[in-house]
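# Understanding the architecture of this molecule
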Amino acid sequence: MKKNNSWILKGGRIIDPANHIDRIGDLWIRDGRIVEPDSFDPALAETVNLHGLVVAPGLIDMHVHLRQPGNTDAETIRTGTMAAAAGGFTSIVAMPNTSPCADNAATIQYIKEFAAREGVVKVLPSGALSVGRKGEEMSPVGSLKAAGVVALTDDGSCIQNNELMRHVVEYAGNFGLPVLEHCEDKFLAGDGVMHEGYWSVLLGMKAMPAAAEEVIVARDIILSRLASWKIHIQHVSSAQSVKMIRAAQADGVRISAEATPHHIALTDVEIKKFDTNYKMNPPLRSEEDRMAVIEGLQDGTIAVIATDHAPHTQTAKLVEFDHAPFGIIGLETAVPVALTELYHKNYLSLSQVISKFTVGPASILGIDAGTLSVGAAADVTIIDPDCEYIVDVNDFYSKSRNTPFNGYAAKGRTMATFVDGVCIFSLLKESEPEDEESK
Ligand SMILES: [Zn+2]
């Protein structure tokens, strides 16, 4: 049966940062596309009353680990995209650190075909920068581009050889593919498991200094200029990194950045709990670093919020802190955490928060998404910015449970998600067109 893809979304607060729109009104969707109001017979569409809710472009997460192929115990394309839908994301960029590694056209083809069959949101694959993400030899950039990748990244690893990195960035530029960089000098990071600072000394833990990130941020600013091409810094976590990126942007270098909800909300003080759900890479850092990341979001240095959704099974995470894998899931907590920490604490306006999830990533990736322009695909996210609730991992669609936000008191929640005009997730009550209070 064909699913309904024509709607009149009535009376919501339409926020479309790409078009500088923030107004109360109706959004008309016909056959999966945004159309001019009153451009067709209302009887052909389903009407939903969204009084009190925000109508935003479908959110984009440019940093997601779907774990398929290779580690389907932790997540699958099916469960990962369901978690994305529940989080309000309509497009997600899949990281290439799968098994086999997405460093070849066949693996990209597999991901695309599986996503088309089983995925509920749009999966945009990325390809590895180097063969096997080993940092030794360039991946086949041309055939990855032909296979449909939207970006190149060795995320989880970082090419240490500056000469190789220079050439990969130049090649990526020739093919118009943005480079997404996990900044980590592996010698400085060593076998650290947390941020080097007050708490690592107090707890006696092996630590990695912020300099392990900063050295590569500095290197990438230099190489971006040399290669005249875009490098996007993933999960920026240090004050010094933000400062360098800001100065480089002012100087015309094509460098962009993302921050994760956990680096916005949490600091290294949490490590005293010895809970492996606080172990990620880059690690949670100091309060000074956290505030610098927020300032970077405020002044636009950091244009994107991305989750770094990194599922791990309970078995993998329920071990000593030193031995646990890095990473936490984030798709289903990104919107509530961003709204609670940034909007409700008056750091960012609602429109600014939404821009970090829409026009921000869309313009860095160069993809046709992230707006509610007439004619655009009707990827739409409905948000209740004031809904208060307690995050419960048992409600998650993700196959994994590794989050530090279980029990988090959130203000703000995704209420419904539409992809190409089809409602793929909804917490809205059955539509009651005349009930002004329905929300
Ligand atoms: Zn990473």
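Structure: above.
Predicted, not measured: the structure shown is a model, and the values here were computed from it.

## Describing the environment of Val215
Within the secondary structure, Val215 is located in helix 7 (residues 211-227). Exposure remark for Val215: the 18 C-beta atoms within 10 Å place this residue in the partly exposed category. Discounting residues that sit within four places of it in the chain, Val215 has contacts with Asp185 and Leu188.

## Considerations on the pairing of strand 1 (residues 7-16)
In terms of residue burial, strand 1 counts as a mostly covered element, since seven of its 10 residues are buried. Sheet topology places strand 1 next to strand 4 (residues 46-49); four bridges connect them, and they run parallel. Bridging across to strand 4, Trp7 finds its partner in Glu46. Connecting the antiparallel pair strand 1 and strand 2 (residues 21-30) is a turn made up of four residues, with His20 showing a positive phi of about 55 degrees. Sheet topology note: the strand 1/strand 5 (residues 54-57) ladder contains two bridges and is parallel.

## A word on helix 4 (residues 162-174)
In this model, helix 4 (13 residues) spans 18 Å end to end at C-alpha, consistent with the 18 Å of a helix rising 1.5 Å per residue. Listing the buried residues of helix 4 in full gives Met165, Val168, Val169, Tyr171 and Ala172. Looking straight down helix 4, one finds that the buried residues subtend no more than 160 degrees of arc, so they occupy a single side. Residues of helix 4 that are exposed and point more than 90 degrees away from the buried face comprise Glu163 and Asn174. Residues of helix 4 that are buried make contact with helix 3 (141-147), strand 9 (152-153), strand 10 (179-181), helix 7 and strand 13 (231-233). After helix 4 finishes, the residue Gly176 shows a positive phi value of roughly 70 degrees.

## Points about the sheet that holds strand 8 (residues 122-125)
Pairing is parallel in the open sheet, where three strands are placed in the order 6-7-8. The open sheet has two edge strands, strand 6 (59-64) and strand 8, and neither has a second partner. Here the average twist between neighbouring strands, direction ignored, is 20 degrees. Sheet topology note: the strand 6/strand 7 (residues 89-94) ladder contains four bridges and is parallel. Bridge pairing in strand 7 links Ile60 to Ser91. Against the sheet, helix 1 (residues 77-87) engages strand 6, strand 7 and strand 8, with an angle of about 135 degrees to strand 7. Relative to strand 8, helix 2 (residues 105-118) is tilted by about 175 degrees, and along the sheet it contacts strand 7 and strand 8.

Rules used in this analysis
Residues numbered from 1 in each chain as written. Predicted model: local features only at pLDDT ≥ 70, side-chain atom pairs only at ≥ 80, totals over all residues. Helix = DSSP H or I, 4+ residues; strand = E, 2+ residues; numbered from the N terminus. Buried ≥ 20, exposed ≤ 12 C-beta atoms within 10 Å, placed from the backbone. Contact = placed C-beta atoms within 7 Å. Pairing = 2+ DSSP bridges. Expected span 1.5 Å × (residues − 1). Arc of directions from axis to C-beta. Axes fitted to C-alpha atoms, helices over the stretch in contact; angles between N-to-C directions.

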